[in-house]
Amino acid sequence: MTALLKDSYNRPIRDLRVSLTDRCNFRCFYCLPHGEPPMAAKEQMLSYEEIEYACDIFVELGIEKIRLTGGEPMMRRDIEQIIFKLAQLKERTLERPHPAGGSRASCAPGLRDLALTTNGYFLPHRAHSLKEAGLDRITISLDSLKRNVFKQMTGVDVLDRVLEGIAAAKEAGLNPIKINAVIVRGHNEDEVADFAAFAREHDVKMRFIEFMPLDSGHDWSRDDVVSGREIRQRIEERFPLEALDVVRGSETSTRYRFADGAPGEIGIIAPVTEPFCGACSRIRLTADGQIRTCLFSTVEYSLRDVMRDGGSRGEIIDFIESVVMKKEPRHYINDPGFVAPSRSMSFIGG
Ligand code: SAM
């Protein structure tokens, strides 16, 4: 299948991350350490109808995977409604002429995967309703298995509730469950092998993420980054790993199984020490309707304004295609003149 949306480096764009809100009930020190700056007015945020319309167009343009994120996406009360609407995009057969005209016909494969990233706080009571609404998969953030470290890293004392949320997601059938842990020097690097044990015990896919310069406090330092290589070494000291025999494609993680055949999986996401920009297939839509072509973009493009100014479907498509052509070749974290984006991960949509 030839991708419809391609950037100027010929990278097919197939993944869309949609931030449902920039609000969050956690205060992770690597993201929103000082709390939220004044919130954008509600009218600036995309309504669920606008999100649905935008996603419908993105899917027509070849987006196959949508991940809902935030902020904390479950703080949005209409999340089940949004999931229900987006899940319907999976069922639609897309064989329609390209509305912008011309010779190109749209034969997008359609939406294959609808996922959510959450801190897990609301899952104990709502995992089932997410599943019923049509969610395929869930990723839950969990930065420590120790109550005091969890509290210190996230700003909230709710480890047990998040663990309950993981159990509820499993019980609801939101499989496979992925667990994200951002590993930061001096905080939780000593827990890496414990997380691997957790993956084995609970049969989940553990994802270890290098700390990136996306914190609103702009306190990131290279010294705080625990490299993917070190993470792997720490796991292998206790549990030998074997690389999974899969084509990595545009996936962010390098994936491993346990050599002894135990359940669970390990994935290492190393954007700082082993960038994977050459295969990047992602773009992002912020809660206030801005398209970002890279996590580290310093510019945004207002899809919201084009939609609200009465742009036709064809004009919106032209806009999206022109924005995608501006996607950066790579991030510049490792360059001397690197400037971190002004918005933190919670605003960009992780
Ligand atoms: N609130 C949800 C959650 O906690 O998963 C979704 C949004 S959160 C911004 C998405 C992911 O981004 C989380 O797994 C979080 O750990 C990760 N993240 C946030 N800031 C980061 C940073 N500076 N470096 C690496 N990962 C980060």
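Residues numbered from 1 in each chain as written. Predicted model: local features only at pLDDT ≥ 70, side-chain atom pairs only at ≥ 80, totals over all residues. Heavy atoms only, no water.

(A) Quick peek at the pattern of salt bridges. Following the criterion strictly, the structure yields 27 salt bridges and no others. For Asp-260, the salt bridge goes to Arg-200, with nearest N and O atoms at 2.6 Å. Of this pair, Asp-260 sits in the loop between strand 8 (254–258) and strand 9 (265–269) while Arg-200 is found in helix 6 (residues 192–202), placing the two residues 60 residues apart along the sequence. Assessed through its relative accessible area of 52%, Asp-260 is described here as exposed. (Salt bridge = Lys/Arg side-chain N within 4 Å of Asp/Glu carboxyl O. Helix = DSSP H or I, 4+ residues; strand = E, 2+ residues; numbered from the N terminus. Buried < 20%, exposed > 50% of the residue type's maximum accessible area, 1.4 Å probe, protein only.)

(B) Molecular detail of the environment of Gly-120. As for its position among the elements, Gly-120 is in the loop between strand 3 (113–118) and helix 3 (123–133). Judged by its relative accessible area of 0%, Gly-120 falls in the buried class. The spacing of Gly-120 and Arg-161 is 41 residues in sequence and 7.8 Å in space, taken between C-alpha atoms. In contact with Gly-120, other than residues within four places in its own chain, are Ile-140, Arg-161, Val-162 and Gly-165. (Contact = heavy atoms within 4.5 Å.)

(C) Main features of the side chain of Arg-255. Along the chain, the position of Arg-255 falls in strand 8. Residue class for Arg-255 comes out buried when judged on its relative accessible area of 17%. Only 3.0 Å separates the side chain of Arg-255 from the side chain of Glu-251, close enough to count as a polar contact. Apart from the residues lying within four places of it in its own chain, the contact partners of Arg-255 are Lys-205, Arg-207, Glu-242, Ala-243, Leu-244, Val-246, Glu-265, Ile-266 and Gly-267. (Polar contact = N/O pair within 3.5 Å; in protein donor to acceptor, adjacent residues only side chain to side chain.)

(D) Looking closely at the packing of aromatic side chains. Taken as a whole and judged by the stated rule, the model has eight aromatic pairs. Here Phe-26 and Phe-150 contribute two aromatic rings whose centre-to-centre distance is 6.3 Å and whose plane-to-plane angle is 80 degrees, an arrangement assigned as edge-to-face. Of this pair, Phe-26 sits in the loop between strand 1 (15–19) and helix 1 (48–60) while Phe-150 is found in helix 4 (residues 147–154), placing the two residues 124 residues apart along the sequence. A residue is classified by how much of its surface remains accessible, and Phe-26, at 4% relative accessible area, is buried. (Phe/Tyr/Trp six-rings, centres within 6.5 Å; stacked < 30°, edge-to-face > 60°.)

(E) Structural context of the environment of Gln-152. Counting through the fold element by element, Gln-152 comes out in helix 4. When its relative accessible area of 42% is taken as the criterion, Gln-152 is described as partly exposed. Linking Gln-152 and Cys-28, residues 124 residues apart in sequence, is a C-alpha distance of 8.2 Å. Beyond its immediate sequence surroundings of up to four residues, Gln-152 is in contact with Phe-29 and His-187. In terms of polar contacts, Gln-152 uses its side chain to reach the side chain of His-187, at 3.1 Å.

(F) Up close: unusual backbone geometry. A cis amide bond links Asn-175 with the next residue in sequence, Pro-176, at an omega value of -5 degrees. Tracing the backbone shows Pro-176 in the loop between helix 5 (159–171) and strand 5 (177–183). Positive phi is not limited to glycine here, since Asp-203 has a value of about 55 degrees. One can find Asp-203 in the loop between helix 6 and strand 6 (205–210). The phi torsion at His-218 lies on the positive side, around 50 degrees, for a residue other than glycine. Mapped onto the fold, His-218 is located in the loop between strand 6 and helix 7 (228–236). A relative accessible area of 45% places His-218 in the partly exposed class.

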